[in-house]
Amino acid sequence: MMWYIKGDSLMARNGKKLSAAFVKTVTEPGKYHDSHGLILRVMPSGSKQWVQRLVIAGQRRDLGLGGYPLVTLSEARQRAFDNRRLARAGGDPLALKHRPDVPTFADAAETVIGIHAAGWRNSGKSAHQWRASLRDYALPRLGHRRVSDITTADVMAVLLPIWSGKRETARRVRQRIGAVMKWAVAEGHRHDNPAGDAIGAALPKNGAVRQHQRALPHAEVGAALAKVRQSGAYRATVLAFEYLVLTAGRSGEVRGARWDEIDFDTTTWTVPAERMKATRAHRVPLSARALDVLQVARALADRSGLVFPSPTGRALSDNTLSKLCREHDLGCVPHGMRSSFRDWAAECSDAPREVCELALAHVNSDRVEAAYRRSDLFERRRELMEDWAGYITDQSVRHG
C-alpha cells in the first residue's frame, strides 16, 4: 500500500482502507487513515492507538477508541461508524462515553432481569434461564464492558460461534442482549441497539428449519398409552400422562392441576389464568375416561391439593413426563400429543376449526374475529373431547 503525507497524517494513494494485515505489521510512526474519520496512530514506542476525528455540534473533536490489538480493526470501524451515526443525529458520543453512571453489561442485565421478572409466569425458572445463557455466552466478552461501549461487532463475536450449531440458543442470547440494550437506550446510556436489525442482516442465513415437537401419528397414540400403563412407572406419573393426552393439555397445566380446579358436578376442569400460557382461564370439558383417571387419582390424594403429586408431595417436575416418553421409547414428547390430537380432529372429526383451536386453548390471532366471538364453544368442545377419548381408548384396549 502506497502512502502520501497530508498535514501530519499518512493517506493511502489508491484510496484503499486499512487492512488487518497492515495494522498488525506497520511499525513506522504516524497516523494512518481509514473510513468514518478512523485513524490508527502508531507511536515511536511501537504502541498503536485508535482515534476518531469527528465533527460534533459544529466542532472538530478527537475520540480515543482504545489500543491495538485489544481493539481490532473491525471493532474500531464499528465503533467509529456508531459514533458518526450518533453525531449526525445530533448526539454527542464523547459526552456519552464519559458519563460516570453508565453500568456494565453484567449490572444492566441484572437490572433488566429484575424489571421483567414481575411479568414472567415462572419468574424463578425464567430468571435462571436468562442468567445461564448470558453467563455462558455473553458475559465472558460483554460482562465487564459498559453498555455504552458495546458495538455490533462485539455482539457478532458472541453470536457467530454458536449461530449455526446452536441456532435456538443463539436466537435467545441475541434477544436477551437486545433487551439489555433497549433498556440502555431508554435510560439514555446509548442511542442504538447493537443487537438489532443491522446484526440480523449481517448474520449468516444457514437455512435451518425450526424443529417442531416430536409427535405421534394419531393412530399410534392408543398403543403408546397402553405401553405407559404397563410400564410400572410411578402411578401418579402414568395417570398424569393419560390425563394430558385425554385433555390435550400442556405439561405444566396438567402437572400443576389441583383438586379445587375440578368440578365433578359439571365435569369441568377450569385452569386458572395464572397457569395458562395466554394468561386466560381455560375451561376443559372432561370426558368419561378423563373422569375415570381422576377417580383413580383420588386414591393418591395428599395434603398438597395436587391431582398428580410427586412422591415428595410437590408437583411433578417438568422432566418427569418427558423422561417417561424417553425411557419407554414412545417416539414423542408430551407436548407432541397436542399435535396428535389436532391432526386427529382435522382428519377424523367434523368439528369446525375454531372448535379444535379452542380445545387447545389457542388464542385467536384475528382481533376482529375474536372481538365478535364471545363464546368458548364449550358444549361443542365437550363432544369433540368425548370422541377423542373414545378413539384412543379403543386403540389402547386393542394394544393392551
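Residues numbered from 1 in each chain as written. Predicted model: local features only at pLDDT ≥ 70, side-chain atom pairs only at ≥ 80, totals over all residues. Heavy atoms only, no water.

**Observations concerning the side chain of Thr151**
Item 1. Tracing the backbone shows Thr151 in the loop between α5 (123–142) and α6 (152–163).
Item 2. If we skip the residues at most four places from it in the chain, Thr151 touches Gln78, Arg79, Asp82 and Pro194. (Helix = DSSP H or I, 4+ residues; strand = E, 2+ residues; numbered from the N terminus. Contact = heavy atoms within 4.5 Å.)

**A short note on the packing of aromatic side chains**
Aromatic ring pairs: the centre-centre distance and the angle between the two ring planes describe each pair.
Item 1. A complete count under the given rule lists nine aromatic pairs for this structure.
Item 2. Here Phe341 and Trp388 contribute two aromatic rings whose centre-to-centre distance is 5.4 Å and whose plane-to-plane angle is 75°, an arrangement assigned as edge-to-face. Note that Phe341 is positioned in helix α14 (residues 336–348) and Trp388 in helix α17 (residues 378–399), a separation of 47 residues in sequence.
Item 3. With a centroid separation of 6.2 Å and 25° between ring planes, the pair formed by Trp388 and Tyr391 is classed as stacked. You can see Trp388 and its partner Tyr391 sitting in helix α17, three residues apart, about one turn around the helix.
Item 4. Residue class for Trp388 comes out buried when judged on its relative accessible area of 0%.
Item 5. On the accessibility criterion, Tyr391 (22% relative accessible area) is partly exposed.
Item 6. Within the aromatic cluster, the residues linked to one another by ring pairs are Phe341, Trp344, Trp388 and Tyr391. (Phe/Tyr/Trp six-rings, centres within 6.5 Å; stacked < 30°, edge-to-face > 60°. Buried < 20%, exposed > 50% of the residue type's maximum accessible area, 1.4 Å probe, protein only.)

**Describing the environment of Asn83**
Item 1. Its location among the elements puts Asn83 in helix α2 (residues 73–88).
Item 2. For Asn83, a relative accessible area of 14% translates into the label buried.
Item 3. Placed 47 residues apart in sequence, Asn83 and His36 show a C-alpha to C-alpha distance of 8.9 Å.
Item 4. Apart from residues no more than four positions distant in its own chain, Asn83 is found in contact with Gln52, Leu54, Leu63, Leu65 and Pro93.

**What to know about the packing of α2 against α6**
Item 1. Orientation of α2 relative to α6, taken along the N-to-C sense of each, is 135°, at an axis distance of 8 Å. In this view, α2 runs oblique relative to α6, as classed from their interaxial angle. Contacts from Ser74, Glu75, Gln78 and Asp82 in α2 reach Thr152, Ala153 and Asp154 in α6.
Item 2. For the contact of α2 with α6, the per-class residue count stands at one nonpolar, three polar and three charged. (Axes fitted to C-alpha atoms, helices over the stretch in contact; angles between N-to-C directions. Parallel < 35°, antiparallel > 145°, perpendicular 65-115°, else oblique. Nonpolar A, V, L, I, M, F, W, Y, C, P; charged D, E, K, R; others polar.)

**Some words on the pattern of salt bridges**
Item 1. Inspection of every chain in the model, using the stated rule, returns 19 salt bridges.
Item 2. Among the salt bridges present, the one from Arg145 reaches Asp154, with a minimum N-O distance of 3.1 Å. Here Arg145 and Asp154 have matching classes, each one buried.
Item 3. Sharing partners across several salt bridges, the network here consists of Glu75, Arg141, Arg145 and Asp154. (Salt bridge = Lys/Arg side-chain N within 4 Å of Asp/Glu carboxyl O.)

**Let's talk about helix α10 (residues 235–247)**
Since the α-helix turns once every 3.6 residues, residues separated by three or four places project in the same direction.
Item 1. A rise of 1.5 Å per residue sets the reference length of α10, with its 13 residues, at 18 Å; its end C-alpha atoms lie 18 Å apart and thus fit the reference within 8%.
Item 2. Burial of α10 is extensive: 12 of the 13 residues sit out of reach of the surface.
Item 3. Looking one or two residues beyond α10, the residue adopting positive phi is Ala248, at roughly 55°. (Expected span 1.5 Å × (residues − 1).)

**Quick word on the confidence of the model for the protein**
Item 1. Per-residue pLDDT for the protein averages 84, and the proportion of residues at 70 or more is 88%.
Item 2. Segment residues 1–9 is flagged for pLDDT under 50; beyond a separation of four residues in sequence, or across chains, it makes 24 contacts in the model. (pLDDT = per-residue confidence, 0-100.)

**Here we look at α5**
Item 1. Given a rise of 1.5 Å per residue, 20 residues ought to cover 28 Å, yet the end C-alpha atoms of α5 are separated by just 24 Å, more than 12% below that figure.
Item 2. Along α5, the sharpest change in direction is near 55° and occurs at Arg135.
Item 3. The complete set of buried residues in α5 reads Ser126, Ala127, Trp130, Ala132, Ser133, Leu134, Ala138 and Leu142. (Bend = angle between axes of the 7 residues up to and from the residue.)

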